[in-house]
Amino acid sequence: MLLLRRLLRDKKGFIHNVAVLSGGSFLAQLLPVLFSPLLTRIYTTIDFGVYALFCAAINIASQLACMKYDMAIAIVKEDEEAANLFYICLLIGAGISSLMIIMIPFSGKITSVLGASDESWIFLIPFATFITGIYTALVNYNIRREGYKVITKAAIIKSVVMVLIQVLLFPFNLGGFALCVGQLIAYLAGAAILFMSIMKELRRYSPSMERLVGTARHNIRYPGYTAGGSLAGSMVYNLTSYLISFFYSASQLGYYSLINRILGTPLTVLAGSVGHVYMKRAAVSKSGREQERGFILVSVALAAMAVPPFLILFFLADPLVAMLFGAHWAPAAQMLRALAPLYLVRFVVTPVITVAIILGKQANTLLWQLGMLMLSLLPALLYANMHVDVISYLWMMSLALSIGYIVFYLYCLRSVRTVREDETVAE
């Protein structure tokens, strides 16, 4: 309680900024959740499976869209350097997206291997990768400016547009492609809002190739370590979508994608907001003692908020899924129960382990993320030898990754304490 009272007495606006971001994120995520019962009744599990394959591809590819220079935008000290980083993100994003056009001629073979009947979603991947990457860069630019209200506005508009498009396109019998188009247009709308908020600032700086190259070299640790680590981290979860589709079926992937939507909402709404504000706050912390205190306070607050609702989801999974999404979605309840422990750990740990980047631990972060990728592939080895059912597959993945998160959390806690101890000795 003492730790929570200290957090509430924060004089630097941490609670206010989190409230603005999480409040807006709540509204933004509320629409897709509220409309999920409608979407699960008008689209099939196979349609959701196709949509999950599309989202997984974008989540993986978007980690390379800016080569993580987007993360540096929120952290660097000089405004001109931040502007140069944004232009670098635009150039890299355009290049990466152009290269991805190569996969289009192989769309039929790709979908055949994955057991999906629709290949049209692959045609959207290059442009969707560019837009998603730039959206992330714009979010970080607005975090730098503490434009949390603008980020909130963009998130709400993005959700409204996505739900609206996905519902309106249903009568055209486009299947999972309609769900994919809805997401693409939504990110485009959100990016437009975010870009308008920084246009005036960008106009003050005229980029030159010499300055862009210099800025890229100065921040080379981001593509050098962070991009690889983020890619590995993204693959931990998104490769699972492809493995489920390959090992089991697109229909089983549809169930899995619904559970990701349910459990991913608190991660996006509150943990994501806390993570954005915490990263900005940790970057400007003046002492190791302040960093350690912030790390512990945020961890305790997140744990206190997360445990009760996740316990409810775990024990009441069967009636909740059947009531909200329809009886034909009942198999998803077992997946919810299997994945709940992992999402609980992620909710508490993810926002604060970004401190490793702030402390310059990019290499160790990369090693951890590669280790997590290996852990995520353990169920695939189990399937290859024993052909386990999908629920056993997900239980093994959930427990293995939970342990991986806890181990890195303890490493980050030790790192901030070491900084504090070194400062104490120096004094």
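Remember, it's a predicted structure, so these values are computed and weren't measured experimentally. (Residues numbered from 1 in each chain as written. Predicted model: local features only at pLDDT ≥ 70, side-chain atom pairs only at ≥ 80, totals over all residues. Heavy atoms only, no water.)

A word on the state of the cysteines. A full pass over the atoms with the stated rule returns 0 disulfides. Cysteine Cys89 remains unbridged, with the sulfur of Cys66 as its closest cysteine sulfur at 3.8 Å. (Disulfide = S-S within 2.5 Å.)

Next up on the list: the environment of Ile185. Considering the arrangement of structural elements, one finds Ile185 in helix H9 (residues 176–203). Separated by 57 residues in sequence, Ile185 and Ala128 place their C-alpha atoms 8.8 Å apart. For Ile185, the contacting residues outside a window of four places in its chain are Val161 and Ile165. (Helix = DSSP H or I, 4+ residues; strand = E, 2+ residues; numbered from the N terminus. Contact = heavy atoms within 4.5 Å.)

So, on to the side chain of Ser241. Here Ser241 lies in helix H11 (residues 221–247). Ignoring sequence-local partners within four residues, the contact set of Ser241 consists of Ala52, Leu53, Ala56, Leu253 and Tyr256.

Considering all chains together, one arrives at 7 salt bridges under this definition. Here Glu292 and Arg417 are joined by a salt bridge, their closest N and O atoms 3.1 Å apart. A residue pair is termed long-range when its members are at least 10 positions apart, and Glu292 in helix H13 (residues 288–315) and Arg417 in helix H18 (residues 390–426) qualify at 125 residues. The exposure class assigned to Glu292 is buried, which follows from its relative accessible area of 10%. Several salt bridges share partner residues, and in doing so they unite Arg145, Glu201 and Arg204 into one network. (Salt bridge = Lys/Arg side-chain N within 4 Å of Asp/Glu carboxyl O. Buried < 20%, exposed > 50% of the residue type's maximum accessible area, 1.4 Å probe, protein only.)

Moving on: helix H17 (residues 362–386). Compared with an ideal rise of 1.5 Å per residue, which puts 25 residues at 36 Å, H17 spans 37 Å between its outermost C-alpha atoms and is within 8% of the ideal. The sharpest bend along H17 measures roughly 25° and falls at Leu377, with the proline Pro379 sitting one to four residues further on. For H17, the set of buried residues is Gln362, Thr365, Leu366, Trp368, Gln369, Met372, Leu373, Ser376, Pro379, Ala380 and Tyr383. Looking at the residues trailing H17, positive phi occurs at His387, about 50°. (Expected span 1.5 Å × (residues − 1). Bend = angle between axes of the 7 residues up to and from the residue.)

Next up on the list: empty space enclosed by the protein. The rolling of a water-molecule-sized probe over the atoms marks out the regions of remaining empty space. Applying the stated criterion across every chain, the model contains 2 cavities of 30 Å³ or more. Estimated volume of the second largest cavity: approximately 40 Å³. Forming the boundary of the second largest cavity are Phe54, Ile58, Ala128, Ile131, Thr132, Gln183, Leu184 and Tyr187. Where the lining of the second largest cavity is concerned, the elements lending two or more residues are helix H3 (45–65), helix H7 (125–144) and H9. (1 Å grid on protein atoms, 1.4 Å probe; cavity = no way out; pocket = protein on both sides within 12 Å on 5 of 7 lines; lining within 4 Å. Points joined across faces, edges and corners; volume = space filled by probe spheres on them.)

We now examine the nonpolar core. Formed by 88 residues in total, the largest nonpolar core has its most connected members in Phe54, Trp121, Leu394 and Tyr405. With residues near it in sequence (within four places) discarded, Tyr405 still touches Tyr237, Leu342, Val345, Arg346, Val349, Thr350, Ile353, Trp368 and Met372. (Core = buried A, V, L, I, M, F, W, Y, C linked by side-chain atoms within 4.5 Å.)

Topologically, Leu320 is positioned in helix H14 (residues 317–325). Judged by its relative accessible area of 25%, Leu320 is partly exposed. Leu320 has contacts with Ile312 and Leu313, leaving out every residue within four places of it along the chain.

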